[in-house]
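Chain residues, written in single-letter form:
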Amino acid sequence: MIRAALAYPGPHDPTHLPAAARDRPRRPGHCRVRARAGGQLLRAGHADPPEVFGHLITRRDPVREDRLLVAQTADGEVLGGTLYALLPLPGDVRGAVFNSFMAVTRAARGLGVGRALHRATLDGARQAGLRGVFADSVHPSRQDAADRAAEAATGVDPAARRAALHALGLRTVDLPYWQPVGGPDGGPLTDLDLLYHPLDPDEMNPDEMSPDEMSPDDRSVPLALVTGVLRAYWTGWLGERAQAEAQALAGRAGNAERVELLAGTDTPAYWAGSAPR
């Protein structure tokens, strides 16, 4: 039996993974989660330095809760994991989850581990009364040559990763998104797209909804939710600057009330036509 259980901050009822994974041949010493580029992990976004994880899962903040969720066999073999933040906002905006990291070991790919981790994240968002789950992910059209080569060397295909995220229910938010820091010379990181999975409170399993089954409102996302969640998420390392960055993002989106959701494999119109570097 394989389960996805909350490793931090506290006890959590396990979410059992598909039966196809239960009889997977054991490889002693294999499948340990690593936070590094490439490696043996299929990442939802990009790699975070290993030293970041201790800070994230031990931080105490009244407006943010970080959770580390690990998928493992009954005897403790780790098959994957995800790190996400619950980011509630006041009033009708309500807030959302931001998923910083999701990974599945190479040996466990194709067994439903990523889907189970994502479903457990959706459950966490729903139980907290939040509106959905955000993440960001590299788009292959803007990935630089060095990163492409590093991923290819480990058997990771960025286009296949985006297709997998789309299959989980994540959709591209059609606005000019970038992380304010982390790029060349400490500037913005511009090879990522913002993705969003809206929750439908009337659906028991919204992660299995097809785009045709989504309501018109679920094919777009309130800009106030996008900027509010990103401000809360960025504040941890940008401090007061996070507010200005969120306002700048709203300006780039035309200060529209809602922003369209595209297929998770697409890049926003702002970037469409960008050639790989």
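Residues numbered from 1 in each chain as written. Predicted model: local features only at pLDDT ≥ 70, side-chain atom pairs only at ≥ 80, totals over all residues. Heavy atoms only, no water.

Moving on, we come to the environment of Ala108. Position of Ala108 among the secondary structure elements: in the loop between β5 (95-104) and α2 (113-127). Residue classification places Ala108 among the buried positions, given a relative accessible area of 1%. Put simply, Ala108 and Val78 are 30 residues apart on the chain and 9.6 Å apart in space, counted from C-alpha to C-alpha. (Helix = DSSP H or I, 4+ residues; strand = E, 2+ residues; numbered from the N terminus. Buried < 20%, exposed > 50% of the residue type's maximum accessible area, 1.4 Å probe, protein only.)

Turning next to the pairing of strand β3 (residues 65-73). With seven of nine residues buried, β3 is to be regarded as a mostly interior element. As paired strands, β3 and strand β4 (residues 78-88) are joined by eight bridges and run antiparallel to one another. If you follow Gln72 over to β4, its bridge partner there is Val78. Hairpin connection from β3 to β4: four residues lie between these consecutive antiparallel strands, with Gly76 at a positive phi of about 95 degrees. (Pairing = 2+ DSSP bridges.)

Let us look at unusual backbone geometry. Of note, Arg94 is a non-glycine position whose phi angle comes to about 70 degrees, a positive value. Tracing the sequence through the fold places Arg94 in the loop between β4 and β5. Residue classification places Arg94 among the partly exposed positions, given a relative accessible area of 39%. Positioned with a positive phi, Asn255 is a non-glycine residue whose angle comes to about 50 degrees.

What is shown is where atoms sit, not what they do.
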